[in-house]
Amino acid sequence: LPLEITLGPLGTTRFEWMLKMEHSVNMHREMGTPESEMEEVRRMFVETNSWLLVVTIVVSIVHLLFDCLAFKNDISFWRDLQTT
């Protein structure tokens, strides 16, 4: 079996992201989160295409924005409703 090992520099952004993830894992460990759940989150980030994660985050943000706007309109509707 041929084995190939490639070494390269780690980008600053990726390094900071890795530090933040490790800090988050340590915080969850202190709060008592089971190790199996933390491994599942790690696996999700490692195995999922980064573009898919970005698209999911963007869609979630847009969905949250629409939810807030709909809630604002609901409040405005009920506030302006005149009872007879």
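Residues numbered from 1 in each chain as written. Predicted model: local features only at pLDDT ≥ 70, side-chain atom pairs only at ≥ 80, totals over all residues. Heavy atoms only, no water.

**Here we look at the overall build of the protein chain**
Then, in step 1: The helix and strand inventory of the protein chain stands at three helices and zero strands.
Then, in step 2: A principal-axis box enclosing the C-alpha atoms of the protein chain has dimensions of 80 × 30 × 25 Å.
Then, in step 3: Of all 84 residues assigned to the protein chain, the portion counted as buried reaches 4%.
Then, in step 4: Carbon and sulfur atoms provide 66% of the accessible area of the protein chain, an area that totals close to 8200 Å². (Helix = DSSP H or I, 4+ residues; strand = E, 2+ residues; numbered from the N terminus. Buried < 20%, exposed > 50% of the residue type's maximum accessible area, 1.4 Å probe, protein only. Areas by Shrake-Rupley, 256 points an atom, 1.4 Å probe, with all protein chains shown as cover.)

**Description of the packing of aromatic side chains**
Then, in step 1: Taken as a whole and judged by the stated rule, the model has one aromatic pair.
Then, in step 2: Between phenylalanine 77 and tryptophan 78, the aromatic rings sit 5.1 Å apart at their centres with planes inclined by 80 degrees, giving edge-to-face as the arrangement. (Phe/Tyr/Trp six-rings, centres within 6.5 Å; stacked < 30°, edge-to-face > 60°.)

**Some points on the pattern of salt bridges**
Then, in step 1: The tally for this structure, following the rule as stated, stands at five salt bridges.
Then, in step 2: Of the charged contacts in the structure, one is a salt bridge between arginine 42 and glutamate 39, with a shortest N-O distance of 2.5 Å. Separated by three residues within a single helix, arginine 42 and glutamate 39 lie in helix H2 (residues 35-47), roughly one turn from each other.
Then, in step 3: On the basis of relative accessibility, which here comes to 25%, the residue arginine 42 falls in the partly exposed class.
Then, in step 4: Each of the salt bridges in this network shares a partner with another, and the network as a whole consists of Arg29, Glu35, Glu39 and Arg42. (Salt bridge = Lys/Arg side-chain N within 4 Å of Asp/Glu carboxyl O.)

**Focus: the packing of helix H1 (residues 12-31) against H2**
Then, in step 1: For the pair H1 and H2, the least separation of the axes is 10 Å and the interaxial angle reads 160 degrees. For the element pair H1 / H2, the angle class is roughly antiparallel. For H1 against H2, the interelement crossing comes out right-handed. Side by side, H1 and H2 meet where Trp17, Met21, Val25, His28 and Arg29 of the first sit next to Glu35, Met38, Arg42 and Phe45 of the second.
Then, in step 2: A breakdown of the residues in the contact of H1 with H2 according to their chemical character gives five nonpolar, one polar and three charged. (Axes fitted to C-alpha atoms, helices over the stretch in contact; angles between N-to-C directions. Parallel < 35°, antiparallel > 145°, perpendicular 65-115°, else oblique. Left-handed = near helix turned anticlockwise from the far one by under 90°. Contact = heavy atoms within 4.5 Å. Nonpolar A, V, L, I, M, F, W, Y, C, P; charged D, E, K, R; others polar.)

**Remarks on the confidence of the model for the protein chain**
Then, in step 1: Looking at the protein chain as a whole, its pLDDT mean stands at 89, while 99% of the residues score no less than 70.
Then, in step 2: When mean pLDDT is taken per element in the protein chain, helix H3 (residues 50-80) scores highest with 94 and H2 scores lowest with 85. (pLDDT = per-residue confidence, 0-100.)

**A closer look at H1**
Then, in step 1: For H1, which comprises 20 residues, the first-to-last C-alpha distance of 29 Å matches the rise-based estimate of 28 Å (1.5 Å per residue) to within 8%.
Then, in step 2: Among the residues trailing H1, glycine 32 stands out with phi positive, at a value near 95 degrees. (Expected span 1.5 Å × (residues − 1).)

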